[in-house]
Amino acid sequence: LWKFDLSGATSSTWVLGLSGAALFQTQSGQPITAGLALGRDPATGKRWIFVGTGSFLSTGDSSDNTVQSMYGLIDDGGTTAVQLSDLVQRNIVVVGTVNGKPIRAFEAHSTMDATKKGWYVNLDNPTAGERVVSNPRVKGAALIVASIIPPSTNTCDAGGTGYINAIDAFTGTSLTEPYFDANGDGKVDASDQVTDANGNPLPVGSIDLGVGMPTLPTVIDKLLVVGGSKGNLGSVRVNPQGGSNQRISWHEILRD
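A quick note: this is a predicted structure, and the numbers were derived from the prediction, not measured. (Residues numbered from 1 in each chain as written. Predicted model: local features only at pLDDT ≥ 70, side-chain atom pairs only at ≥ 80, totals over all residues. Heavy atoms only, no water.)

**Q** Give me the overall build of the chain: which residues, what numbers.
**A** The number of helices and strands found in the chain is zero helices and 18 strands. For 256 residues, the compact-globule estimate of 2.2 N^0.38 gives 18 Å, and the chain sits close to it at 19 Å. Here the C-alpha coordinates of the chain stretch approximately 65 × 55 × 40 Å along the principal axes. A buried classification covers 45% of the 256 residues belonging to the chain. Of all intrachain contacts in the chain linking residues separated by at least 6 positions in sequence, the fraction that spans at least 24 positions is 60%. Total accessible area on the chain stands at roughly 12,800 Å², and carbon and sulfur atoms take up 50% of it. Each charge class in the chain can be summarised by its mean position, and for the 18 positive and 23 negative side chains these summaries are 5 Å apart. (Helix = DSSP H or I, 4+ residues; strand = E, 2+ residues; numbered from the N terminus. Rg over C-alpha atoms; globule rule 2.2 N^0.38 Å. Buried < 20%, exposed > 50% of the residue type's maximum accessible area, 1.4 Å probe, protein only. Contact = heavy atoms within 4.5 Å. Areas by Shrake-Rupley, 256 points an atom, 1.4 Å probe, with all protein chains shown as cover. Lys, Arg positive; Asp, Glu negative; His and termini not counted. Charge placed at Lys NZ, Arg CZ, Asp CG, Glu CD.)

So this is what it looks like as structure tokens:
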């Protein structure tokens, strides 16, 4: 990730920030091929940058099982780069199915260590080769990320699978409340939780909506809609958790 100093009056004076060093380098050279999202933690006022890693551009990408990750980084305006050791690792702790759909849950909600500059989650459970190739989105407290698991043989294959992921943007852990109507009963409540190995209830944090490899999802009020490589649409009722309604399209009315 690069940071640019655009404070100069003309473009000829714009330079790379941090004296030309990258703001952050991913672990093991993980590629960033999608865009990023920005957010400000309402509790602390800190600026955050969110990005996922992975590539799905060439035939060799299909069989690449390098572990990819999701990152949340604090940009404190300092002059030093963020190192991997500055981040706290968060984990996927439950993998299973609910109402016939593959799901996952992230570790229980917790606060950020004040000495850390963000978090990361490795996308290696349950399938190697999972990656992020579309922009993440911040909706209220939730970071929404589509991740894909390509077919292992052909980049142009319409198969593959993937998840829509929803985690707390500013901690990298589970949200404080369920986000997905995972059991399909038309409500988002305590029944949309799973238990970890210690019997603790956790909100479903990832769901496979059966569209193949999902694209960038759209959240319209309390409905999340996404297309995928199978050519169909999937949808699920969600709990916005602080996200406000926003215009997603418009039509210009021309007068004579």
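Resuming the write-up.
**Q** Which residues make up the side chain of Thr-173, and what are the values?
**A** Mapped onto the secondary structure, Thr-173 falls in the loop between β12 (161–168) and β13 (193–195). Among the polar contacts made by the side chain of Thr-173, one reaches the main-chain amide nitrogen of Ser-110 at a distance of 3.3 Å. Sequence-distant contacts of Thr-173, that is, excluding residues within four places in its chain, are made with Arg-90, Phe-106, Glu-107, Ala-108, His-109, Ser-110, Ile-167 and Asp-168. (Polar contact = N/O pair within 3.5 Å; in protein donor to acceptor, adjacent residues only side chain to side chain.)

**Q** So, the pairing of strand β18 (residues 233–237): which residues are in play, and what are the values?
**A** Only one face of β18 is buried: it carries Gly-234 and Val-236, and the other face, with Leu-233, Ser-235 and Arg-237, is open. As paired elements, strand β17 (residues 223–227) and β18 share five bridges and run antiparallel to each other. Directly across from Val-226, in β18, lies its bridge partner Gly-234. Counted along the chain from β17 to the antiparallel partner β18, the turn is five residues long, and its residue Gly-231 has a positive phi close to 85°. (Pairing = 2+ DSSP bridges.)

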